[in-house]
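These are the residues of each chain, in order.
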Amino acid sequence: METAVGRIALFGLLLALVTTLPNKDDWDIYSFHINSTVTGRYATTVITSRVANRMNESKEIEFQVRIPKNAFISKFKMLIDGQEYDGVVKPKEQAQQQYTEAVSRGQSAGIVSSVGRTLEEFKTSVTVAAHKKVTFELTYEELLKRRHGKYELQIHARPMQPVKDFKVDVYINEEAGINFIEVKGGLSTKALANAITKTHAKKEAWVYFYPTEDQQKTCDSCSDQGMNGDLVIVYDVNRDTSLGDIKKSAGYFVHHFAPSNLPRIPKNVVFVIDQSGSMSGRKIAQTRMALIHILSDLAEDDFFGLISFDSQLFHWKRELVQATGANLESAKTFARNIRDRGATNINEAVLEGARMLNAHPREGSASILILLTDGDPTTGVTNLGQIQANVKGAIKGKFPLYCLGFGFDVNFEFLEKMSLQNDGVARRIYEDSDANLQLKGFYEEVATPLLTDVTMIYLGGTNLTQTNFSQYYNGSEIVVAGQITDNNIETFIPQVVAISSNRRLVFSDTNTTAVSTGTMTDHHIQRVWAYLTVKQLLEKELLVSGPEKKSVTEEALRLSLKYNFVTPHTSMVVTKPLGETTDVLHKPKEGETTSDLSALDLPTRQHSPPMLSSPGSSGRMFSMAFLRPDFGSAGGAVKGTLHHPQGPTGNSRSRSRSRSRKVKVQSAQVDLFDYEDYTDYGTALNLPRGRGPLPTIVTTQKNLGRVYQRSHRFLIKPDNQSLPLCFDVAGNTQLKLFHHPNRGLSVNGRLDATLHGGFKKIVIHSSTDVHIEVETTGITVREGQTKTRHTGQDLITAGSVTVIKRDKEIDIAAGDTRLLILIHNRGHKESLWPVLRQLPSDPSTTGILALKPTVYEEVQQTSSTKLKINNQEIDVSRSTADDFSIASTPTLDCWLMSAESALQGSLDDFTITKL
């Protein structure tokens, strides 16, 4: 069985699920938020569900959540009538008695089960009085694992009913810098693609998913019960130094080591394939298909062997041979003829694979043994402990053993322990239509060894996590955490020693030894260390016995309790109002059977169909930004923080065009920022006269001061890594922000000309008789002859428009459109900033926030930079701006140009005379 910590999950997974009772009209999930923060590859996710009992009597309301098997729950609480009820992490033995008593009384208790490929399900419930509300909040943590050169964070959404206030916010902060970020998954395609917005600014990235209530019922994987699908956020970080990325704080450090640009090491690999009778049908067919693909991927300098087995062994060749074209074709023919039959002699098969590798020592190469089986040994040596001892004695630490367990009939704990004993890992292959892709995907993780015998050395370090690794593969990552002795950074010296082919390499960097804390807090790095330490202690439990096992278990329990982790040794006791049952949430082991759970007085395990993701693209984003001004001394000139374009590098000869690059602005994200105008605007920006409205400075005698004409800057953000376009709109202009003629929806806004102005007022018109005015002081709704004023945070419904007021944002949904109005406070004055989180696919939409994608060609010349749009070269200048579409206002670079050039038309087309 696969334990909760020993496996390597396919990717980091975030999943939230709230289910209804049989009559879902009894209560309403009126708000459902998933907020995930990833810092240094460590993800902390908070799921908040707010539910109202709409009935005239008390009702039991359930909270059911699925989380990654690789994650630890660290916090849970309920809020009822202003009273908080917190979950408490206790040793499992102490919590067990409460659980058993609840079950014996026939009362509800905490339910835990393994669901699908990488999920665990936790459930609790509470009785809520008539017309009262309850808030559930769950927090869990996990370290994302790098595979195939990227990290994947999956978010699954299945609320079981459409939710008016549904949103997913993901924030990623990587001090090393984010190399790329993409959004994939079933919820990123077709109708829902426009509900996704994405922003990337060097070290930070934001992903938002804001589907409207209508969309939650009409997408491909949606129904009247709401959404059922996933998002996958894919990203990687920059890797500037060979030693990797090291962060420290308050006596702790974490080291991410993933060197690139290393030559691949030729490998020797033997595949040991179970062909016993239990592999019949689709399993053997998918295995053959995957094996043929894997053989095609072998490099010519690789050597390989192939064995199939049941009660007997079947060799393709008895010795390893080179992966020449002829040999590969012959091996593929052998693979096509593998047929299921007979019993399962795992012992003899694995020993033969080890013999073949031991008989073929090759300097400068890396050896790998891969076993695929779907069941327990049934013939030959069948004692599991004896098989493990035999295999360990045959391998002798010379190469790793990877065990792939096909389906749920296999004894996964046996395979996992055998892998761990031999520096490998075990992976479950799920019986599904994509099983062949799972097999091929695993092989690709280990297909390209770059280093062997990797030793991580930390002078001045103590309490280290694992520091020795048999092999490092391309696209993967080694992570080590520990404590710095006496918190003395001066004596802390990291170093990595490894073998590349037949060369000994030493990775060190004197610049890296002065480790920077960056943005990683003391608390954060310490929790990464605790997470890794507990995970590895739980793995070590499989490999030791007697007093050593007891010591390891006690340390894992101590750390789990200290850091509030729900692990196989702890449980979360969910407290409730007086008179209600106390629930106990346990963390199950992977592959536990119903009888296993019953013996522990735990609920039975259920399996749900695996959830697959499909690729997709992100939607358009619309937001605003602000350029911070720099003022000179009193009476001096006013200047903006603008960067002049850089001239070409390299050859200094004059040329009219040194490079040309086409860039597609995939998502026309329109942002706005403001800046203080200064006297010689055109000269400073290197813009030709007459291109767009040029702001001015008006000098007055009153108070011997100056009155500044306010300008607002809009950005058209690209979906790729190129710079966004930006342009300025002066004064207190009234703008057509968005118009959806087919739905009768219009959004207009008035810019504020004061010092700290953004938008002063935003007005939404729906049909002919619904008008919603949004100001920082409140919301006014006119519906026909009725006029109401709202200053609180209650949900507002006017016609087909829903308005949700939160602390610093106003969420407006109308059909397939979702607009977020952020409230920013600058200089003790609040202003409004509209962000279109959901752009309809209807091509008839217009307005500043509905600008369509464009393509520009960058033309860099000796004295200036030009962009070529629609065969017209436009003068631009590079500038920076604070992006106010994000609460933390990150600074972005942009290409500044006139409004007419960016809009490819007149600004008058976007101005209005009446809101």
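Not measured: the values here are computed from a predicted model. (Residues numbered from 1 in each chain as written. Predicted model: local features only at pLDDT ≥ 70, side-chain atom pairs only at ≥ 80, totals over all residues. Heavy atoms only, no water.)

Engineer: I'm lost on the nonpolar core in this one. Help?
Structural biologist: F136, L138, I172, F209, I233 and Y235 are the most contacted members of the largest nonpolar core, which has 57 residues in total. When residues of this core are assigned to their parent elements, the largest contribution, 5 residues, is made by strand β2 (residues 27-39). Discounting residues that sit within four places of it in the chain, L138 has contacts with T45, V46, I47, F63, V65, I67, I73, K75 and F76. By size, the runner-up hydrophobic cluster in this structure holds 49 residues, among which are F714, L725, V729 and I823. (Core = buried A, V, L, I, M, F, W, Y, C linked by side-chain atoms within 4.5 Å. Buried < 20%, exposed > 50% of the residue type's maximum accessible area, 1.4 Å probe, protein only. Helix = DSSP H or I, 4+ residues; strand = E, 2+ residues; numbered from the N terminus. Contact = heavy atoms within 4.5 Å.)

Engineer: Please explain the pairing of strand β12 (residues 165-173) as it appears in this structure.
Structural biologist: In regular strands, side chains alternate between the two faces of the sheet. Burial of β12 is extensive: 8 of the 9 residues sit out of reach of the surface. In the sheet, β2 pairs with β12 via 9 bridges, with the strands oriented parallel. Bridged to N35 within β12 is D169. Examined bridge by bridge, β12 and strand β15 (residues 204-209) share 6 bridges and lie antiparallel to one another. Across the sheet, V170 pairs through a bridge with V207, a residue of β15. (Pairing = 2+ DSSP bridges.)

Engineer: Is there a simple way to explain the sheet that holds strand β30 (residues 493-500) in this structure?
Structural biologist: Sheets are built from strands that pair by backbone hydrogen bonding, the pairs being arranged parallel or antiparallel. Spatially, 4 strands are ordered β28-β26-β30-β31 in an open sheet, and the strand pairing comes out antiparallel. Two strands close off the open sheet at either side, each with one partner strand: β28 (468-473) and β31 (503-507). Mean inter-strand twist for the sheet, computed between neighbouring axes without regard to direction, equals 30°. Relative to β28, strand β26 (residues 449-459) runs antiparallel, the two sharing 5 bridges. Paired with L451 across the strands is Y472, a residue of β28. (Axes fitted to C-alpha atoms, helices over the stretch in contact; angles between N-to-C directions.)

Engineer: Would you explain the sheet that holds strand β29 (residues 478-484) in this entry?
Structural biologist: What the 4 strands build is an open sheet, ordered β17-β18-β29-β27; its pairing is antiparallel. In this open sheet, the two edge strands, each paired with only one partner strand, are β17 (245-249) and β27 (461-462). Across 6 bridges, strand β18 (residues 252-257) lies against β29 in antiparallel orientation. The residue of β29 that forms the bridge with F257 is I478.

Engineer: Can you walk me through the packing of aromatic side chains in this structure?
Structural biologist: We describe a pair of aromatic rings using the distance from one ring centre to the other and the angle between the two ring planes. Applying the stated rule across the entire model yields 23 aromatic pairs. Residues F72 and F565 carry aromatic rings whose centres are separated by 5.1 Å and whose planes lie at 40° to one another, so their mutual orientation is tilted. Residue F72 is located in strand β5 (residues 72-80), and its partner F565 is located in the loop between α11 (546-562) and β32 (570-574); the two are separated by 493 residues in the primary sequence. With relative accessibility at 0%, the residue F72 sits in the buried group. (Phe/Tyr/Trp six-rings, centres within 6.5 Å; stacked < 30°, edge-to-face > 60°.)

Engineer: Quick question: what am I supposed to make of helix α8 (residues 435-446) here?
Structural biologist: Counting along an α-helix, one turn takes 3.6 residues, and residues three or four places apart therefore face a common direction. Under the 1.5 Å per step criterion, the end-to-end length of α8 is 18 Å for 12 residues, consistent within 8% with the ideal 16 Å. Inspection of α8 places A435, N436, Q438, L439, K440, G441, F442, Y443, E445 and V446 among the buried residues, and these make up the whole buried set. (Expected span 1.5 Å × (residues − 1).)

Engineer: How should I be thinking about the state of the cysteines in this particular structure?
Structural biologist: Such a bond, covalent and formed between the sulfur atoms of two cysteines, is termed a disulfide. Overall, the coordinates contain 1 disulfide when judged by the stated rule. Covalent S-S linkage joins C726 and C894, the inter-sulfur distance amounting to 2.4 Å. Measuring handedness by torsion sign, the sulfur bridge of C726 and C894 sits at about 70° and is right-handed. Residue C726 is located in strand β42 (residues 725-730), and its partner C894 is located in strand β57 (residues 891-896); the two are separated by 168 residues in the primary sequence. Classification of C726 by relative accessible area gives buried; the value is 0%. Residue classification places C894 among the buried residues on the basis of a relative accessible area of 0%. (Disulfide = S-S within 2.5 Å.)

Engineer: Explanation requested: α11 in the structure shown.
Structural biologist: Over its 17 residues, α11 extends 25 Å from the first C-alpha to the last, a length consistent with the 24 Å expected when each residue adds 1.5 Å. V552, A556, L559 and S560 are the residues of α11 that are buried. Projected onto a plane normal to the axis of α11, the buried residues spread over an arc of 105° and lie on a single side. Turned more than 90 degrees from where α11 packs its buried face, P547, K550 and K562 sit exposed. Looking one or two places after α11, you find N564, whose phi comes out positive at around 65°. (Arc of directions from axis to C-beta.)

Engineer: Is there a simple way to explain the pattern of salt bridges in this structure?
Structural biologist: A side chain of one charge can pair with a side chain of the opposite charge when the charged atoms of the two come close. Summed over the entire model, instances satisfying the criterion amount to 47 salt bridges. Note that K440 is salt-bridged to D297, the shortest N-O span being 3.6 Å. You can see K440 sitting in helix α8 and its partner D297 sitting in the loop between α3 (282-296) and β20 (303-309), a full 143 residues away along the chain. Residue D811 is joined to R806 by a salt bridge in which the shortest nitrogen-to-oxygen separation is 2.9 Å. It is possible to trace a salt-bridge network through shared partners that takes in R41, R146, E174, D236, R239, D245, K247 and E477. (Salt bridge = Lys/Arg side-chain N within 4 Å of Asp/Glu carboxyl O.)

Engineer: Just checking my understanding: could you explain the packing of helix α6 (residues 384-395) against helix α7 (residues 412-420) for this structure?
Structural biologist: When two helices pack together, their arrangement is captured by the angle between the axes and the distance separating the axes. Viewed as axis vectors pointing N to C, α6 and α7 meet at an angle of 25°, and their least axial separation amounts to 10 Å. Here α6 is positioned roughly parallel relative to α7, judged by the angle of their axes. Handedness of the crossing formed by α6 with α7: right-handed. In contact with L384, I387, Q388 and V391 of α6, α7 contributes F414, K417 and M418. Its residues assigned to classes, the contact of α6 with α7 comprises 5 nonpolar, 1 polar and 1 charged. (Parallel < 35°, antiparallel > 145°, perpendicular 65-115°, else oblique. Left-handed = near helix turned anticlockwise from the far one by under 90°. Nonpolar A, V, L, I, M, F, W, Y, C, P; charged D, E, K, R; others polar.)

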